[in-house]
Amino acid sequence: MDTRRALLDALADGPVSGPSLAAELGVSRAAVWKAVEGLREEGFAVESTDDGYVAPADPGYGAPGIEFALDAPYTVEYHDTLSSTNTRARALAESGASDVVVVADAQTGGRGRLNRSWVAPSGGVWLSVLTAPAVSTARAPQLTLAAAVAVADACRAVGVDAGIKWPNDVLLESEGGASSDPNVGREGHEPVGRGGQKLAGILTEMEGEADRVAWLVVGVGVNANVDPSELPAGATSLRAVCGDPIDRRAFVRDVLERYAELTADLKAVLPAWRNRALTLGRRVRVETSTETVVGEAVDVEPPGALVVETDAETVRVHAGDCTHLRAADPSA
Ligand code: BT5
């Protein structure tokens, strides 16, 4: 472990004496001092006290702030602005890096699935987790489901009633109620997909052979402290629902810890996903690249296929866009 991360971990446990940390890590006192200065330059204002170095009261939303007290095996790379955290994480993957989380305060070229664009102004949680999981390409969709569970749980931890729409959207659970999106109902502003308003989306990209993933990037976009007027119709933000800004640092830490826990034990993913699903038991329309399937969503099967009972048969859909239908929907 590098000195910087060891220092952050030690600061999470209380005051740290420079000389004893140097002795413990087998590095020079100058190396510890350099690490302290490095953290300060990154906005993590380490204090010097009679008891030793002490973490700042506000660790800030940056790489050290997120790594501070993080119980997940990732290093964090933070940018105020990036085109896309997924694009940056892919470049890191191609240079051989792994177990890195790329975080940006704002994205100028955020991407959704199928080359759709993702609106990502300052104040959101825009991040990509790059790993090299020891799974076959066929099982990789479970990592996307794991990320959706992690995000839904982090939303619930800040008091927002969030659930998952297959496969990867995190929505406000209460559907149809009063809208906090000023665009909804305005002419020309139909909600994106009927049902709960969209809080978060996930974009997974990977490379590998059939039997082994080489690298996998899970991109997570959460409308955290963003004004819904800046978002497409049908979207809302955690701040709009909570009434106050959320602590993005704690939120990201929750997401990363839960994602690390779930991906270390993939057996736990589907049961957790089913538990938080808004799609199961509902009438849905799923558009895949080749067909449209309408029916009742009855289950999700490994590695993440949606099982839909149509009037005629049972269909398993592996990828597509899912719309929750109302029982009396004319397109049902
Ligand atoms: C997604 O795509 O939902 C995946 C979004 C992933 C974004 C993250 S941010 C960090 C990382 N870096 C990236 O560049 N991307 C990832 P999809 O299901 O295709 O939904 C895209 C659609 O959602 C768009 O066509 C819009 O209609 C809508 N949309 C765009 N921005 C949104 C936002 N901020 N909130 C809610 N809906 C949005």
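Structure: above.
Residues numbered from 1 in each chain as written. Predicted model: local features only at pLDDT ≥ 70, side-chain atom pairs only at ≥ 80, totals over all residues. Heavy atoms only, no water.

Things to note about the sheet that holds strand β11 (residues 292-301)
Strand order across the open sheet formed by five strands is β13-β12-β11-β10-β14, with antiparallel pairing between neighbours. Two strands lie at the open edges of the sheet, namely β13 (314-317) and β14 (321-324), each paired on one side alone. The mean angle between the axes of side-by-side strands here comes to 45°, regardless of whether they run parallel or antiparallel. Sheet analysis places β11 next to strand β12 (residues 305-309), joined by five bridges and oriented antiparallel. Bridge pairing in β12 links Glu 301 to Ala 305. (Pairing = 2+ DSSP bridges. Helix = DSSP H or I, 4+ residues; strand = E, 2+ residues; numbered from the N terminus. Axes fitted to C-alpha atoms, helices over the stretch in contact; angles between N-to-C directions.)

Describing the site of the ligand
Around the ligand there are 27 residues in total, and Ser 84, Arg 111, Arg 116, Val 119 and Lys 198 lie nearest to it. A distance of 2.9 Å separates a nitrogen atom of the ligand from a polar side-chain atom of Gln 107. In this structure, Arg 116 approaches the ligand through a side-chain N or O atom, which is 2.8 Å from an oxygen atom. Here the ligand, which alone exposes 800 Å², has 93% of that area covered by the protein. For the shell around the ligand, the secondary-structure elements that each account for two or more residues are α5 (85-94), β5 (125-131), β8 (198-209) and β9 (212-222). Sort the elements by how many residues they give to the shell around the ligand and β8 lands first, with four residues. Among the residues forming the shell around the ligand, the class breakdown is 10 nonpolar, 12 polar and five charged. (Near = heavy atom within 4 Å. Polar contact = N/O pair within 3.5 Å; in protein donor to acceptor, adjacent residues only side chain to side chain. Areas by Shrake-Rupley, 256 points an atom, 1.4 Å probe, with all protein chains shown as cover. Nonpolar A, V, L, I, M, F, W, Y, C, P; charged D, E, K, R; others polar.)

Description of the environment of Ala 146
Among the structural elements, Ala 146 can be located in helix α6 (residues 141-157). Separated by 114 residues in sequence, Ala 146 and Ala 260 place their C-alpha atoms 9.0 Å apart. Excluding its chain neighbours within four sequence positions, the residues that come into contact with Ala 146 are Tyr 259, Leu 262, Thr 263 and Val 269. (Contact = heavy atoms within 4.5 Å.)

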